[in-house]
Amino acid sequence: MSESEGRTYVPLPAHESALHTPKGELLQRLFEMVRIRVFEEQVLADYRARRIPGFTHMYLGQEACAVGVISCLQPSDYITSTHRGHGHCIARGLDMRAMMAELYGRSTGTCKGRGGSMHIADFRLGMLGANGIVAGGLGLAVGAALSARQRKSGAVAVSFFGDGGMNKGSCHEAMNFAGVARLPVIFVCENNRYAQYTAADRLSAGPSLAGRAGAYGFPGTTVDGNDVLAVGEAAGSAIERARHDEGPSLLVLDTYRHEGHSVGDAEAYRTREEVETYKSSDPIGRFIDWLVSARIATESDIEILWLEAQGEVADAVHFAEASPFPEPSDALDFVFASMERGGDVA
Amino acid sequence: MSFGQATKDAMASSMRADPTVLVIGEDIRWGGSFGQFRGLYEEFGDRVIDAPISESLIVSMSVGAALTGMRPVASMSFVEFAMGAMDEIVNQAAKIHYMFGGQASIPMVLRCADGTISSAAAQHSESLEALFCHVPGLKVVAPSNAKDAKGLLIASIKDPNPVIFLENKRIQTGRMEVPEDHYVIPLGKAAVVRQGHDISVIAYSVMVSAALNVAERLDTERGISVEVIDLRTLVPLDMETVRASVAKTKRGVVAHEAWRFAGLGAEISSQLSESLFAVLEAPIARVGAKSSHIPFSPPLEAAVVPTHDDLYEAVSATVVFGR
């Protein structure tokens, strides 16, 4: 156990093989998690101050899931995300300015102000969208994997979803067909322990979520989702397997969301003590401890990353605030696409 | 040529012209429930994808494939089965282009058999186009015959939007001359299929042949000249052609097999009264199914679904209204 900002974190395992990973690569993973953390804390504050309209769902506490998996992907691969999607977007390299502008409802946003928090996408980066429908992304990822196979592009598709999504019929349909067709898709269930307000294990049958993969004939693994190195290792093998045409995998990443389901959730279903206990498994604190105790990074190396992320987020807010709202006369743009693929009709 | 053959030819020629066209559905390697996919697997192999009875997956997978460079043509078999995929149709296919700010288009076609035929009963007999027409972002096509179906299906496959392609089961039973070549009938264009000057009948799908039949009868029996419009596409709706016809005849009847209540007829009638109130000489009449599920027993089925006689009476009453 070690101390950081007054909190003692549960130590990561030794991860001896990761000690040979280049320092830059390890620090990059920490940096991506820190960028998500700083971005989300800013969004939370802006939302509470009513500078951001609509609903928003915080990714705080789950950063190792997005970063651990996405750091193993190639640029030509695809991801689908959820209503809690900011972390996946940042880890995938979406422009933070455009993301913040989208949250602010501005015309310079990733989706020109049409989507907001639950509908951020960047198709140039294979990021096929955050999705406000629980388990809405699994079938899209199966389709992207099918398309990659048809085009022989070698790409794989990763679908992020939650423990709540595991109980949707669309999840079963997607996993069954991915299993039958042995498609290059990786199903990543971030088990943050609550399906909205209800404890996940209360309404999920069977001994384990990961065990369900066995019924579809592909591997299912439960991983410590607050250990970015463990997530990376598991995701790396699942992605390699998919890329070598060996079929899909299910990863269940055990994690915990620090905030409520959405901002404003009174959180009557859990105690403050529970949240505090889980915060000792914070993925960023644990990874920093590991980096420092392995003498891979110093406190000052890490301080620089926080400062850099804070600067980037401040710049994103400035950009969003300075951006114009979309013109009301453009509200009907993009209802239909024009004959040119990707185009739009006014 | 049969309807099945004409639409299969439309897919085969689209697949030859464009390697990104895929076909996805249940039983399609066996030709599909209506033979509408017969022979495609033999010619196109892995581009013809047999799916499990998983309608939600068939649609979401098609959306995912469309977003990443393919043009899937998916089959729902009966339109009622598409209800199991309404989440994916309404929340994904229809919205993605809009909510992501026009970044990606979804060029996909969903083929659905609809309409009443020989006691198929409540879960295999409905006409649900109004549900799809209500949602922005979906195009809805409802051909009235095999020749149009071929050209409209080719246009639907080329279109960059999700298209719901409704194939009435009764129009699938006949045979007609269908050109062998690859031709396009543009979406959003209605056809005046019979010229007339006393009244306009605006119809689509199976009710077009009913309208032509009623028009012949009224002409022979009573010398009434009926103009018949085949809408072909319901979204986009070609109101320009409809308005031009009704502006000329000053009287109109809208006919569809779907329920009259909150059906397309209500929309068309309302738009006509908004734009042509001053010239109309009679209220726009509507012919459609009664607000009931489609029953099994033949006399009950006939009591719910609109008949040629229902249309005949509606046209007769509208043409003499106020005279």
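Refer to the structure presented above.
Residues numbered from 1 in each chain as written. Chains lettered and ligands numbered in written order. Predicted model: local features only at pLDDT ≥ 70, side-chain atom pairs only at ≥ 80, totals over all residues. Heavy atoms only, no water.

**Observations concerning the overall build of chain B**
Next up, step 1: Helix and strand counts for chain B stand at 12 helices and 12 strands.
Next up, step 2: Taken over C-alpha atoms, the radius of gyration comes to 20 Å for chain B, in line with the 20 Å a tight globule of 323 residues would show.
Next up, step 3: If one aligns the C-alpha atoms of chain B with their principal axes, the spans along those axes are about 65 × 45 × 40 Å.
Next up, step 4: In chain B, which comprises 323 residues, the share counted as buried stands at 63%.
Next up, step 5: The contacts of chain B with a sequence gap of at least 6 include a subset with a gap of at least 24, amounting to 81%.
Next up, step 6: Total accessible area on chain B stands at roughly 11,700 Å², and carbon and sulfur atoms take up 55% of it.
Next up, step 7: Separation between the mean location of the 28 positive side-chain charges and that of the 37 negative ones in chain B comes to 4 Å. (Helix = DSSP H or I, 4+ residues; strand = E, 2+ residues; numbered from the N terminus. Rg over C-alpha atoms; globule rule 2.2 N^0.38 Å. Buried < 20%, exposed > 50% of the residue type's maximum accessible area, 1.4 Å probe, protein only. Contact = heavy atoms within 4.5 Å. Areas by Shrake-Rupley, 256 points an atom, 1.4 Å probe, with all protein chains shown as cover. Lys, Arg positive; Asp, Glu negative; His and termini not counted. Charge placed at Lys NZ, Arg CZ, Asp CG, Glu CD.)

**Observations concerning the pattern of salt bridges**
Any two side chains of opposite charge can pair, so long as their charged atoms come close to each other.
Next up, step 1: All chains considered together, the criterion is met by 28 salt bridges over all chains.
Next up, step 2: One salt bridge in this structure joins Glu32 of chain A and Arg35 of chain A, with 2.7 Å as the shortest N-O distance. Separated by 3 residues within a single helix, Glu32 of chain A and Arg35 of chain A lie in helix H1 (residues 23–48), roughly one turn from each other. Here Glu32 of chain A and Arg35 of chain A have matching classes, each one buried.
Next up, step 3: Between Arg194 of chain B and Asp219 of chain B there is a salt bridge, with the nearest N and O atoms lying 3.5 Å from each other. Of this pair, Arg194 of chain B sits in strand E7 (residues 191–194) while Asp219 of chain B sits in helix H8 (residues 207–222), placing them 25 residues apart in sequence.
Next up, step 4: Exposure remark for Arg194 of chain B: the relative accessible area of 14% places this residue in the buried category.
Next up, step 5: Beyond isolated ion pairs, a larger network of salt bridges with shared partners links Glu32, Arg35 and Glu312 of chain A. (Salt bridge = Lys/Arg side-chain N within 4 Å of Asp/Glu carboxyl O.)

**Description of the interface of chain B and chain A**
Next up, step 1: Across the contact, 47 residues belong to chain B and 44 residues belong to chain A.
Next up, step 2: Together chain B and chain A conceal approximately 3,500 Å² of surface at their shared face, both sides included; 63% is due to carbon and sulfur atoms.
Next up, step 3: Between Lys168 of chain A and Asp87 of chain B there is a salt bridge, with the nearest N and O atoms lying 3.9 Å from each other.
Next up, step 4: The interface formed by chain B and chain A includes 14 residue pairs in polar contact (both at pLDDT 80 or more).
Next up, step 5: Where the side of chain B that touches chain A is concerned, the elements lending two or more residues are strand E1 (21–25), strand E2 (48–50), helix H3 (55–67), helix H4 (86–93) and helix H5 (96–99) of chain B.
Next up, step 6: Looking at which element gives the most residues to the side of chain B that touches chain A, the answer is H3 of chain B, with 10 residues. (Buried area = accessible area lost by both parts, 1.4 Å probe. Polar contact = N/O pair within 3.5 Å; in protein donor to acceptor, adjacent residues only side chain to side chain.)

**What about the sheet that holds strand E5 (residues 139–141) of chain B?**
Residues and elements named next belong to chain B.
Next up, step 1: Spatially, the 7 strands line up as an open sheet ordered E2-E1-E3-E4-E6-E5-E10, and their pairing is mixed. A strand with exactly one partner marks an edge of an open sheet, and here the two such strands are E2 and strand E10 (233–235). The average undirected angle you get between the axes of adjacent strands in this sheet is 20 degrees.
Next up, step 2: Both E1 and E2 contribute to a ladder of 3 bridges, which runs parallel. For Gly25, the partnering residue across the bridge sits in E2 and is Asp50.
Next up, step 3: Its contacts with the sheet put helix H1 (residues 3–17) on E1, E2, strand E3 (71–78), strand E4 (108–114) and strand E6 (162–168), and the angle it makes with E1 is roughly 135 degrees. (Pairing = 2+ DSSP bridges. Axes fitted to C-alpha atoms, helices over the stretch in contact; angles between N-to-C directions.)

**Some points on the packing of H3 of chain B against H4 of chain B**
All names here are of chain B.
Next up, step 1: The geometry of H3 relative to H4 is characterised by a closest axis approach of 8 Å and an angle of 25 degrees between their N-to-C directions. Considering the angle they form, H3 stands roughly parallel to H4. When H3 is examined against H4, the residues Ser56, Val59, Ser60 and Val63 are found in contact with a partner set consisting of Glu88, Ile89 and Ala93.
Next up, step 2: Residue classes in the contact of H3 with H4 are distributed as 4 nonpolar, 2 polar and 1 charged. (Parallel < 35°, antiparallel > 145°, perpendicular 65-115°, else oblique. Nonpolar A, V, L, I, M, F, W, Y, C, P; charged D, E, K, R; others polar.)

**Some words on the nonpolar core**
The nonpolar side chains of a soluble globular protein tend to be buried, and buried together.
Next up, step 1: Grouped together as the largest cluster of nonpolar side chains are 89 residues, with contacts concentrated most on Met175, Phe187 and Leu250 of chain A together with Ile89 and Phe132 of chain B.
Next up, step 2: Once residues lying within four places of it in the same chain are set aside, the contact partners of Phe187 of chain A are Leu138, Val142, Ser159, Phe161, Ala174, Met175, Ala178, Phe218, Pro248, Ser249, Leu250 and Leu251 of chain A. (Core = buried A, V, L, I, M, F, W, Y, C linked by side-chain atoms within 4.5 Å.)

**A closer look at the pairing of strand E4 (residues 157–162) of chain A**
Residues and elements named next belong to chain A.
Next up, step 1: Counting buried residues along E4, 5 of its 6 residues qualify, which places the element largely inside the surrounding structure.
Next up, step 2: Pairing between strand E3 (residues 78–80) and E4: 3 bridges, direction parallel. Paired with Thr80 across the two strands is Ser159, which belongs to E4.
Next up, step 3: Where E4 lies against strand E5 (residues 185–191), 6 bridges are found, and the strand directions are parallel. Bridge pairing links Phe161 to Cys189 in E5.
Next up, step 4: The parallel pair E4 and E5 is bridged by helix H6 (residues 169–181), and the resulting crossover is right-handed. (Right-handed = clockwise from strand over helix to strand, strands pointing away.)

**Focus: the packing of aromatic side chains**
All names here are of chain A.
Next up, step 1: Evaluated as defined, the whole model comprises 9 aromatic pairs over all chains.
Next up, step 2: Seen in terms of ring centroids, Tyr216 and Phe218 are 6.0 Å apart; in terms of plane orientation they differ by 20 degrees. Their pairing is stacked.
Next up, step 3: Look at Tyr256 and Tyr278: their rings are 3.9 Å apart centre to centre, the planes differ by 10 degrees, and that puts the pair in the stacked class. You can see Tyr256 sitting in the loop between strand E9 (249–254) and helix H9 (272–279) and its partner Tyr278 sitting in helix H9, a full 22 residues away along the chain. (Phe/Tyr/Trp six-rings, centres within 6.5 Å; stacked < 30°, edge-to-face > 60°.)

**A word on the state of the cysteines**
Next up, step 1: One pass over the structure, following the stated rule, counts 0 disulfides over all chains.
Next up, step 2: Left without a disulfide partner, Cys65 of chain A is nearest to the cysteine sulfur of Cys189 of chain A, which lies 9.5 Å away.
Next up, step 3: Of the residues examined, Cys65 of chain A reaches a relative accessible area of 0% and is grouped as buried.
Next up, step 4: Not part of a disulfide, Cys133 of chain B finds its nearest cysteine sulfur in Cys112 of chain B, a span of 12 Å. (Disulfide = S-S within 2.5 Å.)

**Looking at the environment of Asp77 of chain A**
Residue and element names in this part refer to chain A.
Next up, step 1: Among the structural elements, Asp77 can be located in the loop between helix H2 (63–70) and E3.
Next up, step 2: Residue class for Asp77 comes out buried when judged on its relative accessible area of 0%.
Next up, step 3: Considering only alpha carbons, one finds Asp77 and Asp282, 205 residues apart in sequence, at a separation of 28 Å.
Next up, step 4: Discounting residues that sit within four places of it in the chain, Asp77 has contacts with Arg92, Leu125, Gly126, Gly154, Ala155, Val156 and Arg243.
Next up, step 5: From its side chain, Asp77 meets the backbone nitrogen of Gln74 in a polar contact 2.8 Å long.

**Brief notes about H8 of chain B**
Along an α-helix, residues three or four apart share an orientation, since each turn contains 3.6 residues.
Residue and element names in this part refer to chain B.
Next up, step 1: Helix length check: H8, at 16 residues, gives a terminal C-alpha distance of 21 Å against a target of 22 Å (1.5 Å per residue), a fit within 8%.
Next up, step 2: For H8, the complete set of buried residues consists of Met207, Val208, Ala210, Ala211, Val214, Ala215 and Leu218. Buried residues along H8 cover an arc of 150 degrees about the axis, so they all sit on one side.
Next up, step 3: Where H8 is buried, its residues contact E7, strand E8 (199–203), strand E9 (226–230), strand E11 (252–259), strand E12 (285–289) and helix H12 (308–320).
Next up, step 4: Within two residues after H8, Gly223 carries a phi angle of roughly 65 degrees, on the positive side. (Expected span 1.5 Å × (residues − 1). Arc of directions from axis to C-beta.)

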